[in-house]
Amino acid sequence: MKATRILFNIVVWAFAAFWVLPFVGVIMLSILPYREVVIQGWLRVPDPESITLKNYLEALFNPVYDLATGLRNSLLVASLATLIALLAASLLAYAFVNLPFRMKTFLFMIIIFIMMAPQQISVVPLFFLYLQLGLYDSLPGIILLHSAWGTAWATFFLRNYFALIPRSLVEAAWVDGARDWQIFRRIVLPLAKPGLIAAALLQYTWVWNDLFYALVFLSSNVNQVITQKVVFLKGEFHVDWGLLSAGSVLSMSIPLVLYVLFNKYFARGVAGWGVKR
């Protein structure tokens, strides 16, 4: 049994190292001179004197690439789209779990249908609607779009997680005269903290990594997000792999940092999926 466990750990660690290896390669390409990488390779301990942040500075502040603007726009869009979607979804989830009202099951089925519907089918009508409303090529427009799609799946996610909270706690608060808003804010939200963080991480990551909606609804350079800006790092006739690697690291840095910081909550929060009350 002990030998089996040791072998299992070796296999797991080997797989993890193999999985992380491309990420290490991208980082090495971004901090080392391209000529040195070509001659000596990247799978080695780098010379401290060779390490440079030139690629990161050029990617961020060179007006040709302007990743700083894309980074700022992505931070704004992902943060607000996550906050709006989580606020709306948590209120809806509380209502579906604890409040009696007509057509509850039917409305929840509509939300599931919206969640399952491919986003591509709504692009054409949304495009013309945004043109008429003046929301095309604007950050508020893309924020509302991501918030609407995020509200559907987050409601399903949080509804399942809120269902794990003992009903007796809510009923006891009702007996004591607490209002639904007080119960929601003081009882449900604190107990559902792992689920809220897990939903926030998923929504933030999906919005941050979005390229499809960004390409359709954001056209001007001043409004483009980082996933659009990274494409400009690839030249037509020549690819500066160090510059492209630096841009790739910057584009994945924020979701990666958030996942590392809130990993334990994320692992606990996903337990709400598929659990029936």
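Conventions used here
- Within any chain, residue numbers begin from 1 and follow the written order of that chain's sequence.
- Only residues with pLDDT of 70 or above have their local features reported here, since the model is predicted, and side-chain atom pairs are shown and tallied only from 80 upward, although totals for entire chains, interfaces and linings are computed over all residues.
- Calculation of side-chain values draws on the structure's entire complement of heavy atoms; hydrogens and water are dropped beforehand.
- Buried residues of nine kinds, namely Ala, Val, Leu, Ile, Met, Phe, Trp, Tyr and Cys, make up a nonpolar core once their side-chain atoms join them within 4.5 Å.
- For every residue, the accessible area (1.4 Å probe, protein chains only) is compared with the maximum for its type, and the residue is labelled buried under 20%, exposed over 50%, or partly exposed between those bounds.
- In DSSP terms, a helix is any run of H or I states spanning at least four residues, a strand is any run of E spanning at least two, and both are numbered starting from the N terminus.
- Note that domain bounds follow an automatic or database assignment of domains.
- We call two residues contacting when some pair of their heavy atoms lies within 4.5 Å.
- Where helices are involved, their axes are fitted lines through C-alpha atoms of the stretch in contact, as for all axes, and angles between N-to-C directions lie from 0 to 180°.
- Roughly parallel refers to an angle under 35 degrees, roughly antiparallel to one over 145, roughly perpendicular to one between 65 and 115, and oblique to any angle outside these ranges.
- A clockwise turn of the near helix away from the far one marks a right-handed crossing, whereas an anticlockwise turn of less than a right angle marks a left-handed crossing.
- Classes in brief: Ala, Val, Leu, Ile, Met, Phe, Trp, Tyr, Cys and Pro nonpolar; Asp, Glu, Lys and Arg charged; the others, Gly included, polar.
- As a working definition, buried area equals the accessible area (1.4 Å probe) given up by two parts on being put together, with both sides summed.
- Should a side-chain nitrogen of Lys or Arg be within 4 Å of a carboxyl oxygen of Asp or Glu, the pair is scored as a salt bridge.
- Whenever a nitrogen or oxygen atom comes within 3.5 Å of another N or O atom, the pair is scored as a polar contact, on the condition that within protein one atom can donate a hydrogen and the other can accept it, and that pairs from neighbouring residues in sequence are kept only if both atoms are in side chains.

### Examining the nonpolar core
Thought 1: Among the nonpolar cores identified, the biggest contains 40 residues, and Leu67, Val77, Ile142, Leu145, Tyr213, Phe217 and Leu233 are the most heavily contacted of them.
Thought 2: Of all the elements in the fold, those that place two or more residues in this core are helix H1 (2-31), helix H3 (54-61), helix H4 (67-98), helix H6 (123-133), helix H7 (139-162), helix H10 (193-209), helix H11 (212-217) and helix H13 (241-261).
Thought 3: Two domains each put at least three residues into this core: domain 1 (1-51) and domain 2 (54-274).
Thought 4: Non-local contacts of Tyr213, meaning those with residues more than four positions away in its chain, are made with Gln119, Ser122, Val123, Ile142, Leu145, His146, Trp149 and Leu218.
Thought 5: With 22 residues, the next largest nonpolar core counts Val97, Ala154, Ile165 and Leu196 among its residues.

### Quick notes on the packing of H1 against H13
Thought 1: Running from N to C, H1 and H13 point in directions that differ by 125 degrees, and their axes come no closer than 8 Å. For the element pair H1 / H13, the angle class is oblique. Between H1 and H13 lies a crossing whose hand is left-handed. Counting all contacts with H1, which are made through Phe23, Val26, Ile27, Leu29 and Ser30, the residues of H13 involved are Gly242, Ser245, Ala246, Ser248, Val249, Met252 and Leu256.
Thought 2: The residue inventory of the contact of H1 with H13, partitioned by class, reads eight nonpolar, four polar and no charged.

### Topic: the domain arrangement of the chain
Thought 1: Examined at the domain level, the chain breaks down into domain 1 (1-51) and domain 2 (54-274).
Thought 2: The straight-line distance from the C-alpha centre of domain 1 to that of domain 2 is 32 Å.
Thought 3: Taken residue by residue, the interface counts eight residues in domain 1 and 10 residues in domain 2.
Thought 4: Carbon and sulfur atoms make up 71% of the area that domain 1 and domain 2 hide from each other, which totals about 700 Å².
Thought 5: Linking domain 1 to domain 2 there are zero salt bridges.
Thought 6: Across the domain 1-domain 2 interface, the total number found is two residue pairs in polar contact (both at pLDDT 80 or more).
Thought 7: Ranked by residue count, the leading element in the side of domain 1 that touches domain 2 is H1, at six residues.
Thought 8: Classifying every residue of the side of domain 1 that touches domain 2 by side-chain character gives seven nonpolar, one polar and no charged.

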